[in-house]
Amino acid sequence: MEHLLEVKDVTKIYEGGVLANHNVNFTVDEGEIHALVGENGAGKSTLMKMLYGLESITSGHIYMKGRELKLQSSKEAIEHGIGMVHQHFMLVDSLTGAENMMLGLDKTGFVSNKKRDIQITDEVAKKYNFEIDASRRVRDMSVGMKQKLEILKILYRSAKLIILDEPTAVLTPQETQELFDELLHLRDNGYTIIFISHKLQEIKQICSRITIIRRGTTMGVHEVEQVSEQDISRLMVGRDVIL
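Bear in mind that the values here come from a model prediction, so they are computed numbers and not experimental data.

> Now, about the side chain of Glu202: what can you tell me, with residues and values included?
Along the polypeptide, Glu202 turns up in helix α7 (residues 200-206). Buried and without a salt bridge, Glu202 has Lys199 as its closest oppositely charged side chain, separated by 4.1 Å. Beyond its immediate sequence surroundings of up to four residues, Glu202 is in contact with Thr168, Thr176, Phe180, Phe195 and Ser197.

Okay, structure coming up:
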């Protein structure tokens, strides 16, 4: 079976010899929500930055649908269908939702058409069951709405693989549940999601498989329903953990 994404023996060494990732291997299948877990400093963010073209690979290979990627920028990652929502949102606070949606798109030209931009943003939001106030300035949005806008931005740019870095860390319980409903809807429509989280009960709730990273190395890929929270914690830190 061909995987949507395959990471093979990927290593990242920073200047000064700091080893962030060592021979990382994992695969992501089309239409799954795949969890990536590890302690702080385990190398999760570095790995995702390499997948999104923000960091170069020291050695190893990344394949998308069997084709090797040599990403130099996030723009290239998006062109290959990979989008990422960072923990700290990359939105311009003084602009509206619709203006943020269109920011940086070649197709908009130099002249902004506010009415058209709001209409397009509303249509995209409706298509994916996201509630967004496209005419509201980002600074006046709730955290949950900002996050939805970030996800819609990468969907509008034709991403099929979405990387979410600790997406629930800033959300209320109600916003978290809304996000999960939206992610399951995306999954059911053929989208693929890499879900980075510390919250093991959330992973149990929406993810099908889990890749565990410890000190920059993958500790294996597991079916979520076949490992307990205790098992996951043990693999993350290398010893029994009192939850």
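Alright, that's what it looks like, and here's the rest.
> Account for the environment of Ala159, naming residues and giving values.
In this structure, Ala159 sits in the loop between α5 (143-156) and β7 (161-165). Assessed through its relative accessible area of 1%, Ala159 is described here as buried. Taking the C-alpha atoms as reference points, Ala159 and Ile82, 77 residues apart in sequence, are found 5.2 Å from one another. If near-sequence neighbours (up to four positions away) are discounted, Ala159 is found in contact with Gly81, Ile82, Gly83, Ile154 and Tyr191.

> How would you sum up the pattern of salt bridges? Please name residues and give values.
For the structure shown, the criterion picks out 11 salt bridges. The salt bridge involving Glu55 is made with Lys12; its shortest N-O contact spans 3.7 Å. On the criterion of sequence distance, the pair formed by Glu55 in the loop between α1 (44-51) and β4 (59-64) and Lys12 in strand β1 (residues 5-14) is long-range, its members being 43 residues apart.

> Provide a residue-level description of empty space enclosed by the protein, including the pertinent values.
Tallying each qualifying case throughout the model produces 1 cavity of 30 Å³ or more. Looking at the largest cavity, its volume works out to about 40 Å³. Lining the largest cavity are Gly144, Gln147, Lys148, Leu171, Glu175, Glu178, Leu179 and Glu182. Among the elements that take part in the lining of the largest cavity, helix α6 (residues 173-188) stands out by supplying 4 residues, more than any other.

Rules and cut-offs
- Each chain carries its own residue numbering, running from 1 in the direction its sequence is written.
- Per-residue local features are limited, in this predicted model, to residues with pLDDT of at least 70; the limit for side-chain atom pairs, both in listing and counting, is 80 or more; totals at the level of whole chains, interfaces and linings are taken over all residues.
- No hydrogens and no water enter the side-chain calculation; it runs on all heavy atoms of the structure.
- Under the scheme used here, helices are H or I runs from DSSP no shorter than 4 residues and strands are E runs no shorter than 2 residues, and both carry numbers assigned from the N terminus.
- Buried means the residue's accessible area, taken with a 1.4 Å probe over protein chains only, is under 20% of the maximum for its type, while exposed means over 50%, and partly exposed covers the values in between.
- None of His or the chain ends enter the tally, which takes Lys and Arg as positive and Asp and Glu as negative.
- A carboxyl oxygen of Asp or Glu within 4 Å of a side-chain nitrogen of Lys or Arg is what we treat as a salt bridge.
- The contact criterion used is simple: two residues touch if any of their non-hydrogen atoms lie within 4.5 Å.
- Put plainly, a pocket is an open set of points on a 1 Å grid over the protein atoms alone with protein on both sides within 12 Å along at least five of seven lines, a cavity is a set where a 1.4 Å probe fits but cannot get out, and a lining residue has an atom within 4 Å of a point.
- Grid points are joined across faces, edges and corners, and a volume is the space filled by probe spheres set on the points.

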